Amino acid sequence: MRFKNSLLLSFFLVASLLQAQSIPPPFLSDSSYVFASKMQYKDMVMQGYLAVQYTDACNFRASVNTTMGSTLLDLEWKDGVCTEHYVMDKLDNRFILNALKSDFELLFLQTLQKGKWKQDSIKKVSGHKYYLTFENDKLQQVDNKNWLGKLRRSLLFDYKNDDTQLKSIQLKHHNFALLLELTPLD
């Protein structure tokens, strides 16, 4: 009986520690953000703006527009489900679109809200491991590796002068030629 009680107590302690561990996001929920964006895919380079509107911590809408105002992409996430409101013809390829959806989920840390913690800075989600690097309690880098340990994507956050304000964000794919660069507009 004593062993059973101590086993239950240790289980609840571990469960509460894992639930209490959270990722300090560089974004605030219930806010909106506008970024200068640059996307490179093979020989195609698109520059413009990325507008993000959060309705709460898990629901947001992202729209990518050119500098002239044309919409390239408009996606919305509600309760983990992505809705495509508009997709430009050049981007309307399942491979590219699925990569971009996954990238936005990682970019805005929706992916890291799922899954289980393996160690302090490693999170496992659907066969992928996310290695998180923190410096001064700020998220600096997220490396996404597949189940074989091969690096798929790297997400880098750069902050202004030891401040919590973002200077830039870069998301680089290592298995194909896709690079996203974002700079917040003040």
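Our subject is the structure listed above.
A short tour of the structure in this document, coming up. (Residues numbered from 1 in each chain as written. Predicted model: local features only at pLDDT ≥ 70, side-chain atom pairs only at ≥ 80, totals over all residues. Heavy atoms only, no water.)

### Topic: the pattern of salt bridges
1) Next: Across all of its chains, the model carries 5 salt bridges by this definition.
2) Next: Salt-bridge contacts for Lys-78 lead to Glu-76; the nearest nitrogen and oxygen are separated by 3.9 Å.
3) Next: Accessibility expressed as a relative area gives 16% for Glu-76, which makes it buried.
4) Next: Between Arg-153 and Asp-103 there is a salt bridge whose closest N-O contact spans 2.9 Å. (Salt bridge = Lys/Arg side-chain N within 4 Å of Asp/Glu carboxyl O. Buried < 20%, exposed > 50% of the residue type's maximum accessible area, 1.4 Å probe, protein only.)

### Quick word on the nonpolar core
1) Next: Leu-50, Leu-73, Leu-91, Phe-104 and Phe-108 are the most contacted members of the largest nonpolar core, which has 43 residues in total.
2) Next: The biggest single contributor to this core is helix 2 (residues 94-107), with 7 residues.
3) Next: Ignoring anything within four residues of it in the chain, the contact list for Leu-50 reads Tyr-33, Val-34, Phe-35, Ser-37, Ala-62, Ser-63, Val-64, Phe-104, Phe-108 and Leu-182. (Core = buried A, V, L, I, M, F, W, Y, C linked by side-chain atoms within 4.5 Å. Helix = DSSP H or I, 4+ residues; strand = E, 2+ residues; numbered from the N terminus. Contact = heavy atoms within 4.5 Å.)

### Some remarks on the packing of aromatic side chains
Aromatic rings considered in pairs are described by the distance between their centres and by the relative angle of their planes.
1) Next: All chains considered together, the criterion is met by 7 aromatic pairs.
2) Next: Geometrically, the ring pair formed by Tyr-33 and Phe-35 is stacked, given 6.3 Å between the ring centres and 25 degrees between the ring planes.
3) Next: The interplanar angle of 15 degrees and the centroid separation of 4.7 Å between the aromatic rings of Phe-60 and Trp-77 together place this pair among those described as stacked. A residue pair is termed long-range when its members are at least 10 positions apart, and Phe-60 in strand 3 (residues 60-66) and Trp-77 in strand 4 (residues 71-78) qualify at 17 residues.
4) Next: The side chain of Lys-145 reaches across the aromatic face of Tyr-131, ending 4.7 Å from its centre. (Phe/Tyr/Trp six-rings, centres within 6.5 Å; stacked < 30°, edge-to-face > 60°. Lys NZ or Arg CZ within 6 Å of the ring centre and 35° of its normal.)

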